[in-house]
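Spelled out, the chains give:
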Amino acid sequence: MKKLHYLKSIANFMLIGLAITTLSRIILFFIFKERIDDTPDYWYIFPIGLRFDLILLCYLSFLPIVLITFIPSKHLYYINRFLNIYYIFFLCLLLIMELSSSDFIKQYDTRPNRLFLDYLIYPKEVMGTLLKSYLGSIALTFVVMGGFIFLLIKKRKTLFSTPDAPYKMKLILFVPVAFLLFFGARGSLTSKRPINASNAVFSFDQLTNCMGLNSLYTVAFAAYSLKNEDNPAKMYGKMEANEAYSRVKKYMTAEASDFTDAELPLLHTQTPDSLNPQPMNVVIFLQESLGAEYVGSLGGKPLTPNFDALTKEGLLFTNLYCTGTRSVRGIEAVVTGFLPSPSESVVKLSNSQSGFFTLADLFKSKGYDTSFIYGGMANFDNMASFFNGNGFENIVDEEDFDKDGKKYALKGTWGYSDEDLVVKANEYFKSQKGKPFFSLMFSTSNHEPFEFPDGRIELYDKQKNTVNNAMKYADFAIGKFFEMAKKEDYFKNTLFIVVADHNTRTYGKHLVPIHKFHIPALIIAPGVAKGSKYDKLCSQIDLAPTILDMIGMNVETPMPGRNLKKLKDDVVGRSIMQFHDINAFRVGDQVVIMQPKKEPLQFKIKNDTVLEAVPLDKELAKDALGHVTAASDLYSQRKYTTKKNKKTGN
């Protein structure tokens, strides 16, 4: 052990850090015990908390181990001085974040996050509020922090001095020590991806889940996420928010009298032609990468015989376009109806992790069971965290498949196969026994490396693991799902929509390869004309408002998408497509392309692959900019929500 004595400063730093976070978690547990006690297996917050505390402390220990190992001993005095400051600074930061957590949680029902950072921009207003409302907490923080800093400074030589050690020995030990820190910072070596905040999700209660994190981690994660929040004004040009909203409203089916709250500019009522006295279930079956080019009924390859047969039983959208090229963008459009923008999808952004409008939150408020069912790991792309904070009560993913002990067809790189997913979903829907439910199912099999069970389909390509064969297998699972569902009681009172999140690899010779945004959607439900088609140009964001009308539900939503049932025949269709940092705003056969720091361009679409440059319609270009500007303002000002969530501060 003497050989490792030179590492004592790192060890003491980590031990003190763990003491701070663990003690804080215990105190917070007792403060919010009445709420946490209602959560099954609430004790998980402690092992999960230990894991995330170690992740943070291991990250912070990388720099010290590099300095201690590689800087020659003759500079040991300067190393010690720097590390004393380094350790004391981060331990104080850790402590002050934990001391601020209780009041923040009481106000916002979660640990400090992006909102905490936003408040730092307004120190005068924030300090005034704190002094008026939290004077006792501020006094306690000053006393505790003062005593803590005094003790650290007094004991710094004992705690944080780095004794000399042979240079050769430090070099030899660097590899195993660095590996242990890497392992700790990553959180796992068995997972394909580093541990992130979604791995703390184990319950239906957002507050309980956040107890498994620590506040320095959550704020650091929020700061890190800011890099994904591109500023459209800097990219495409400035526009006042009021003008932007007026331009968005031009394209909505809501009338001026439908808007209900000046502070939530897009919030409006949507009333169907006839109310349904019995709540209707809604199931969205989101298909990974199923572009129109793979769908026979849309003129694509003959890979979807089951989907094509089902089109005779429902409403097929023949001219629907997705909003982006990532699954989270598709989820954003279908589940929230939010406008696409150059920022990351709201699924991944910190300011939308709670209180953000989703269909799940809407249906939950109506007494529905709400669920996300996925054969892979729900923490991917931050899905679990977003869903958990925005109305999804039940998240069923790969771990649930692992635990139930049943024999499934295949567990691949991305999780369990699509047929396993549909079997699991069908069992879940049957278990509701008459309670209305809303569910998002998300497929995985038609994702590279295209793994699926043998013997299910007649291969389209000779080599098995190809995109064409995977698409055909995905179609097999769609057919199997409906075959099972039709035998169950819930089928007769359910609206099903099968829709793609996006196409496969999106590429093309144009600034925006429009043909790669064309996707299928099919609605099967009671009252929907069999074999019907909707041929007008439309967008993924139009699906959610249309679904709500079709189930006969009177609602209030901020969704800017169109209710296609109410869209007048003489109104031209539109779609919006985000391709990396390029935004395409299409109305009929005209499309405006906005690129960063360039003047917009306009093209006439002769077909999806043939575009002809035309003079720019400045009003259409302003409409395009208005939609992106509105998306940014809705997100940054937390205006994409309901009156209920606005009142509670979520």
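Here the residue index of a chain counts from 1 through its sequence in written order. Reporting of local features is limited, given that this is a predicted model, to residues whose pLDDT is at least 70; pairs of side-chain atoms are given and counted only at 80 or more, and all residues count toward the totals for whole chains, interfaces and linings. To get the side-chain values, all heavy atoms of the structure are used, and hydrogens and water are removed first.

Visitor: So what about helix α9 (residues 167-186)? Which residues, and what values?
Guide: Per the convention used, a helix needs a DSSP run of H or I reaching at least four residues, while a strand needs a run of E reaching at least two, with both numbered from the N terminus. Expected helix span is given by 1.5 Å per residue-to-residue step, counting one fewer step than there are residues. Given a rise of 1.5 Å per residue, 20 residues ought to cover 28 Å, and the 28 Å separating the end C-alpha atoms of α9 matches this to within 8%. The largest bend along α9 reaches roughly 40° and is located at Phe174, with the proline Pro176 sitting one to four residues downstream. Only protein chains enter the area calculation, which uses a 1.4 Å probe; residues under 20% of their type maximum are buried, those over 50% are exposed, and those in between are partly exposed. Three or more residues of α9 are buried, namely Met169, Lys170, Phe174, Val177, Ala178, Leu181, Gly184, Ala185 and Arg186. Where the residues of α9 are buried, they touch α3 (45-70). Remark: Gly187 follows α9 within two positions and exhibits a positive phi of approximately 90°. The bend at a residue is defined as the angle formed between two axes, one fitted to the seven residues ending at that residue and one fitted to the seven starting there. We call two residues in contact whenever any of their non-hydrogen atoms come within 4.5 Å of each other.

Visitor: Before we move on, could you go through the sheet that holds strand β14 (residues 574-579) and cite the residues and values that matter?
Guide: By this definition, two strands are paired if DSSP reports at least two bridges between them. An order of β14-β15-β16-β17-β18 is seen for the five strands of this open sheet, with the pairing classed as antiparallel. Each edge of the open sheet carries a strand with a single partner, namely β14 and β18 (610-614). For this sheet, the mean inter-axis angle between neighbouring strands, taken without regard to orientation, is 25°. Summarising the sheet, strand β17 (residues 601-607) and β18 pair through five bridges and their orientation is antiparallel. The convention used is that axes are lines fitted to C-alpha atoms, helices contributing only their stretch in contact, and that angles between N-to-C directions extend from 0 to 180 degrees.

Visitor: Summarise the packing of α3 against helix α4 (residues 76-108); cite the residues concerned and give the values.
Guide: Contact pair α3 / α4: the axes reach a minimum separation of 11 Å and the direction vectors enclose 175°. Overall, the two elements α3 and α4 adopt an arrangement that is roughly antiparallel. Residues Leu56, Leu57, Leu60, Leu63, Pro64, Leu67 and Ile68 of α3 form the contact with α4, whose own contacting residues are Ile79, Phe82, Leu83, Tyr86, Tyr87, Phe90 and Leu94. All residues other than Ala, Val, Leu, Ile, Met, Phe, Trp, Tyr, Cys, Pro, Asp, Glu, Lys and Arg, Gly among them, are scored as polar; the first ten of these are nonpolar and the last four charged. Taken together, the residues that form the contact of α3 with α4 break down as 14 nonpolar, no polar and no charged. Just so you know how the angles are binned, under 35 degrees is roughly parallel, over 145 roughly antiparallel, 65 to 115 roughly perpendicular, and the rest oblique.

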